[in-house]
Amino acid sequence: MNQYVTLTIDGSKVSTPKGSSVLDAALRYGICIPHLCYLPTISESGACRICIVENIVNGESIITSSCTLVAKEGMVIRANSEKIRKLRKNIAELLVAQAPNSRAIQDIAVKCGVREVRYPFRHDDCILCGRCVRVCQDLYQARAIGFIGRGSQRYVGFPFDERPDFCKRCWACIDLCLMKETPCDGPMEIGQEYLCGKCESTTMAPQFDSGDCIRCEMGKGFGCTRHNM
Amino acid sequence: MHRITSPENLESVSRRLAAERDDGKVLLTVCGGPGCQASRCHDVASEVRKQVKDREIEGKVRLRVTGCHGFCEQGPIMLVGPEKIFYCHVKPEDVGEILHHSVNGGGVIERLLYTDPSTGKTVIHEADVPFYQAQTPDLLLQNRQVDPLSIEDYLAIGGYSALAKVLSDMEPEKVIQEVTASGLRGLGGAGFPTGRKWAACRAAYGEEKYVVCNADEGDPGAFMDRGILEGNPHAVIEGMIIGAWAIGAREGYIYVRNEYPIAVEHARIAVNQAREYGLLGDNLLGSGMEFDIQISRGAGAFVCGESTALMVSLEGKTGEPRPKDVEPVERGLWNKPTTVNNVETWANVPSIIKNGASWFGGIGTEKSKGTKILALTGQVRNTGLVEVAFGTTIRTIVEDIGGGGLDGKKIKAVQTGGPSGGCLPESMFDLPIDFDVLQEKGSMVGSGGLVVMDEDACMVDVAKYFLEFLQDESCGKCVPCRMGVSRLLEIVTAITEGKGKPEHIPLLKDLGETVTEASLCGLGKTAPNPVLSTLNYFMNEYEAHINEKRCPAGVCKALIHYYIDPEKCDGCMACLNVCPNGAIYGEKKQVHTIDTQLCDKCGICLTACGRGAIAVQ
């Protein structure tokens, strides 16, 4: 029985184990689809929408997040079309305007091509990517934190806002938080909503490059360095 | 009461019940829909019961309290006799007179009749009321014929005969074929062909399958699902059983929002009645089919009307949509194949089976078949539920059925499809109600809300209102919907406050497109519609707000100011006395003035002035 499926991502044929996501397949081959809320081995949620791709079905393009899209035989994926790049840039702009004080988010925004931010900065502490919630739930089986409220009132917290006994204080949630990355000390004030983009090369350290990068066209546009954050 | 054990048994029971109801008694039908309940129809009904008892005329009169008839504006509504004399605004005091006339035969009560405002003449029979004339009632007609609390009423009009037909001589594939051939599409909003959904669910791999009825209707001003589930729950149940037979499901759920307590209660009673009659449970009508329905109450989240969020909520988790990369027909509720259909879609199924696919296919347009119930609200004379065939133009609905604008005001736009639908200007009122046509024009049929706005409505303010609703009701899971909608609202609010900049318009368009394309669920994908459609059709209003700092409709408080016309003011001091801020100065018999610094533009003076001297600029 065939345990692998073959699909086309941006013109290159890749094969991946049955049941894995398109994002997994792409990353395995060094095709860098940018991603934020995705974590390997932990359930995907499709919340950040940075990893969106075009799935071409019968000539019709369906935009969906690649982390939740299960790879199927003969799938045709476009991960770096002009439309996708524009959407990604707009989403990254929303993210960086919400929480400009994290280098992880600054980096991803700069890489997606954001220089000037058209919205006033909000200086939030959280973008609700849900990495902490999912790691607590999936990996440590504690469910000590979760999402509370909905819409713009949504936040991450303990049940009834009190640390429960079943929180094991493993701090995995903090380890994985995007907001703990110290921001670049560039212009980040209200009224100066732009990103200089000068420091991207220094944060994305070369030691993360695992050596199997194929220097894809995608990476050129995105400034990819195989960094998982 | 006994279990019905075979299709033949069902037919004889139905015939007996129909004969019992045809006994020459005068039938008084009181509308018990939500609108009429608000205008105290239950007082009328209990007065009828009391007086019938007092006068000892139980043998001559039959009272039936039904579900919504549609014409909520005129409630409480009463229909008398088989000829359906139409009385509106009935009060308990009128009951004696009505009984007297109806029992003693002949005669109508002139003052309770409906007056057609365009001709000034009174109308006696329901069929002649202009509100009903342009409609094609099918489901709403059934609403008028049955008491929702009585399964006998439903059986008497031929209820569950479609189920008997299916169980006795239709293979599941044939049922799916019939529904596919009828062209029935999901009436909850998306318009997905129902037959195709059922076929995919039947073909999906799995022992256990589920059917779900989506009655989590959350659009502001929409109440068609409520009208059906409250008025005729057995049609929904019958449709679900037929669907379950076609798909191969043994369990079904009705997910109804808890804000509809009567719908919850009526659905519960109906399910229990169906169980008692052997129409739910084991061995349905002797066919060996096994099926039961549970009622699940939603906690009032708008997003739970989205099918994937609904299923997550049914599983007992937080109601958030999940990606639809795997369709619910393959992996839905508890990862089992699931068919979710709207109340109206399920309720249409029995009629399709009974009358055949070609009957249903004969109504409507080429691609949208059958009828659609719309909740007509806003600034029109006649509001309520209307059921029209697909293809009816918006103008017919607004002008013929709705009776035109209130107080003779000119109608400017309609908002179709609830908060995530779009606004269409008056110039496009000749468009038909059709899934594809409205979609193409940037709006949608949606669940069927139809909000009419007249010249007093500011379209920027309307967009702001709907965005506020969507921001509150977004689940907050994905970035484009949560942050995008809140940024859209931020920008639109700035425009209404006179802080708009010319570059805001391209930004709104760009961001709106991003939210539409990249959001996770259907709610997010349609959330920018109010902004995009108003930008498309009412750009002049946005430009007036941004460039001239002027609100043409006089709604946005930051952009208007009140003043007193010295020609008209006679110094009566009426406005001065009502102003809560003391912003109006003046002596008696002298022209008054408004202090714009103190005025907070509440508009109370406007209504207090009898001479129309206060104006908005």
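Because the structure is predicted, anything quoted here is derived from the model rather than measured.

Our next topic: unusual backbone geometry. Residues and elements named next belong to chain B. Its identity is not glycine, yet glutamate 56 carries a phi of approximately 55 degrees, on the positive side. Position of glutamate 56 among the secondary structure elements: in the loop between α3 (41–54) and β2 (61–66). Even without being glycine, lysine 549 reaches a positive phi, approximately 50 degrees. Its location among the elements puts lysine 549 in the loop between α24 (539–547) and β16 (562–564).

Take the interface of chain A and chain B next. In this complex, chain A contributes 25 residues to the contact, which on the side of chain B involves 27 residues. Counting only elements with at least two residues in the side of chain A that touches chain B, the list comes to β4 (60–65) and α2 (82–98) of chain A. When residues of the side of chain A that touches chain B are assigned to their parent elements, the largest contribution, six residues, is made by α2(A). The residue inventory of the side of chain A that touches chain B, partitioned by class, reads 13 nonpolar, eight polar and four charged.

Turning to the pairing of strand β7 (residues 210–215) of chain B, a few remarks are in order. Residue and element names in this part refer to chain B. Of all six residues in β7, six are buried, a share of seventy percent or more. Burial of β7 is two-sided: the residues Tyr210, Val212 and Asn214 facing one way and the residues Val211, Cys213 and Ala215 facing the other way are all buried. Inspection of the sheet shows β7 paired to strand β8 (residues 251–257) by six bridges, in the parallel sense. Counted as the bridge partner of valine 211 is glycine 252 from β8.

Now for the packing of helix α10 (residues 194–203) of chain B against helix α12 (residues 233–247) of chain B. All names here are of chain B. Two elements in contact, α10 and α12, have axes whose closest approach is 8 Å; the angle formed by their N-to-C orientations is 45 degrees. The orientation of α10 relative to α12 falls into the category oblique. In this structure, α10 uses Trp198, Cys201 and Arg202 to contact α12, whose residues at the interface are Gly243, Ala246 and Ile247. Here the residues of the contact of α10 with α12 sort into four nonpolar, one polar and one charged.

Mean pLDDT for chain B: 88, with 100% of residues reaching 70 or above. Of the two predicted TM-score estimates for the complex, the pTM is 0.87 and the ipTM is 0.87.

All names here are of chain B. Viewed as axis vectors pointing N to C, helix α9 (residues 172–182) and α12 meet at an angle of 120 degrees, and their least axial separation amounts to 7 Å. When the interaxial angle is binned, α9 and α12 end up oblique. When the axes of α9 and α12 are compared, the crossing they make is left-handed. Note on element contacts: α12 touches α9 through Ile242, Trp245 and Ala246, opposite Pro172, Val175 and Ile176. Broken down by class, the residue content of the contact of α9 with α12 amounts to six nonpolar, no polar and no charged.

Each α-helix turn comprises 3.6 residues. Residues three or four places apart therefore point the same way. All names here are of chain B. With 15 residues, helix α19 (residues 459–473) ought to run about 21 Å at 1.5 Å a step, and its terminal C-alpha atoms sit 21 Å apart, in line with that. Of all 15 residues in α19, 11 are buried; the element is thus mostly enclosed. Within the span of α19, buried status applies to Met459, Val460, Val462, Ala463, Lys464, Phe466, Leu467, Phe469, Leu470, Gln471 and Glu473. Check the buried side of α19 and you find it contacts β13 (411–416), β14 (422–425), β15 (449–454), α20 (479–496), α23 (529–537) and α24.

Tracing the backbone through its elements, the reader meets B:Val388 in strand β12 (residues 384–389). Separated by 48 residues in sequence, B:Val388 and B:Val340 place their C-alpha atoms 24 Å apart.

Here the focus is the nonpolar core. Taken as a class, soluble globular proteins show a tendency for nonpolar side chains to be buried jointly. Counting 230 residues, the largest nonpolar core has A:Leu95, A:Ala109, B:Met78, B:Cys213, B:Val236 and B:Ile242 as its most contacted members. The greatest single-element share of this core, amounting to 10 residues, is contributed by α12(B). For A:Leu95, the residues in contact, after removing those within four places along its chain, are A:Ile105, A:Ala109, A:Ile127 and B:Val479. In this structure, B:Cys575, B:Ile584, B:Cys605 and B:Ala613 belong to the second largest nonpolar core, which totals 10 residues.

The rules we used
Residues numbered from 1 in each chain as written. Chains lettered and ligands numbered in written order. Predicted model: local features only at pLDDT ≥ 70, side-chain atom pairs only at ≥ 80, totals over all residues. Helix = DSSP H or I, 4+ residues; strand = E, 2+ residues; numbered from the N terminus. Contact = placed C-beta atoms within 7 Å. Nonpolar A, V, L, I, M, F, W, Y, C, P; charged D, E, K, R; others polar. Buried ≥ 20, exposed ≤ 12 C-beta atoms within 10 Å, placed from the backbone. Pairing = 2+ DSSP bridges. Axes fitted to C-alpha atoms, helices over the stretch in contact; angles between N-to-C directions. Parallel < 35°, antiparallel > 145°, perpendicular 65-115°, else oblique. pLDDT = per-residue confidence, 0-100. Left-handed = near helix turned anticlockwise from the far one by under 90°. Expected span 1.5 Å × (residues − 1). Core = buried A, V, L, I, M, F, W, Y, C linked by C-beta atoms within 7 Å.

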